[in-house]
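For reference, the chains in residue letters:
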Amino acid sequence: MGTSLHPPQLVTGSRTLYLVWVPADPDAVAKLVPEGLTPAEDRSCYINQYVVDGADQTSSDGDETFGAYSLTYLGANLAGLDTEAGVPGRWWTHYHNSSEVMSRYARAHGVPAGDPGRTTLDLEGDTLVATTSIGGRPIIRTTATVTVGTTRRAVGQLRYITQRDGEFISGRYAYVADLAERFEVRSFEFLDENHPAYALRPADPLQVTFGFYAPSMSFVYPGGEGPLGSEHGS
């Protein structure tokens, strides 16, 4: 089943936790990157766990809407496809959304939207717990110390590579985010060794190379999109 939604779609005010880390099994990560793309030298991986609390935070309208939803996606960083700001291009390996409408929209753009999932971000005091569950079973949990405090504005573009009909597509996802004043990861756990995402589990000891919590992040989904190497996909 297709979708009647047209890109780009705007999402505003999401609560977002984003991490980049060094994996326990670099070879397993490299095997998830298709021929024609090159994994980052350190085989680093990324995850986005986020929640959109209200249907009025998205631009989708009419017969199909994203609605309020939660999403966890993760994958591998790539070499040689950095944005102008030096942010690496990224390849999706796993994508678990609570909204079937948004999953269909993502699939239409080459995103490997798999089983539906539910993501929760619970902030109590200075403890943030982000949990990704599939079929009611937790598979990933991030625990961090967070002080929202005086937020810092961050802007830019993320670049994700997808594949449609055998062709690589480059998408630019412009964002504006208010980052929490303090963010420190306490633990990052892959809880189900039988789930395919377990291949991306972090090294021990944990090596987080980048991360933030944003109580409010807005972005387009996707933005400038085109075949890899074209004007939009350069």
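The text that follows walks through the structure, step by step, so that each part is easy to find. The structure presented is a predicted model; accordingly, all values stated were derived computationally and were not measured.

## A closer look at the overall build of the protein chain
- Counting its secondary structure elements, the protein chain contains 2 helices and 12 strands.
- Sequence-ordered secondary structure for the protein chain, helices as α and strands as β, is β-α-β-β-β-α-β-β-β-β-β-β-β-β.
- The C-alpha radius of gyration of the protein chain comes to 17 Å, within 12% of the 17 Å expected for a compact globule of 234 residues.
- Taken over the C-alpha atoms alone, the protein chain extends approximately 45 × 40 × 35 Å along its principal axes.
- Within the protein chain, counting contacts between residues at least 6 apart in sequence, those at least 24 apart form 70% of the total.
- Of the roughly 10400 Å² that the protein chain leaves accessible, carbon and sulfur atoms contribute 47%.
- Looking at charge distribution, the protein chain has the averaged site of its 17 positive side-chain charges lying 2 Å from that of its 28 negative ones.

## Structural notes on the pattern of salt bridges
- Across all of its chains, the model carries 8 salt bridges by this definition.
- The residue Arg172 makes a salt bridge to Glu84 at a minimum N-O spacing of 2.8 Å. One end of the pair, Arg172, is in strand β9 (residues 167-179); the other, Glu84, is in the loop between β3 (69-77) and β4 (90-97), with 88 residues separating them in the sequence.
- On the basis of relative accessible area, Arg172 is assigned to the buried category, the value being 11%.
- A salt bridge links Arg153 to Asp178, with the nearest nitrogen and oxygen atoms 2.7 Å apart. Pair noted here: Arg153 is in strand β8 (residues 152-164) and Asp178 is in strand β9, with a separation of 25 residues, a long-range link.

## What about the environment of Gly135?
- Its location among the elements puts Gly135 in the loop between β6 (127-134) and β7 (137-147).
- Take Gly135: its relative accessible area is 80%, and that puts it in the exposed class.
- The sequence separation of Gly135 and Ala85 amounts to 50 residues, and the corresponding C-alpha distance is 38 Å.

## Quick word on the side chain of Gln49
- Residue position: Gln49 is located in strand β2 (residues 45-52).
- At 2.8 Å, the side chain of Gln49 and the side chain of Thr142 are in polar contact.
- Apart from residues lying up to four places away in sequence, Gln49 is in contact with Arg15, Thr16, Leu17, Leu71, Thr72, Thr119, Leu121, Ala130, Thr131, Thr132, Ile140 and Thr142.

What counts, and at which threshold
Residues numbered from 1 in each chain as written. Predicted model: local features only at pLDDT ≥ 70, side-chain atom pairs only at ≥ 80, totals over all residues. Heavy atoms only, no water. Helix = DSSP H or I, 4+ residues; strand = E, 2+ residues; numbered from the N terminus. Rg over C-alpha atoms; globule rule 2.2 N^0.38 Å. Contact = heavy atoms within 4.5 Å. Areas by Shrake-Rupley, 256 points an atom, 1.4 Å probe, with all protein chains shown as cover. Lys, Arg positive; Asp, Glu negative; His and termini not counted. Charge placed at Lys NZ, Arg CZ, Asp CG, Glu CD. Salt bridge = Lys/Arg side-chain N within 4 Å of Asp/Glu carboxyl O. Buried < 20%, exposed > 50% of the residue type's maximum accessible area, 1.4 Å probe, protein only. Polar contact = N/O pair within 3.5 Å; in protein donor to acceptor, adjacent residues only side chain to side chain.

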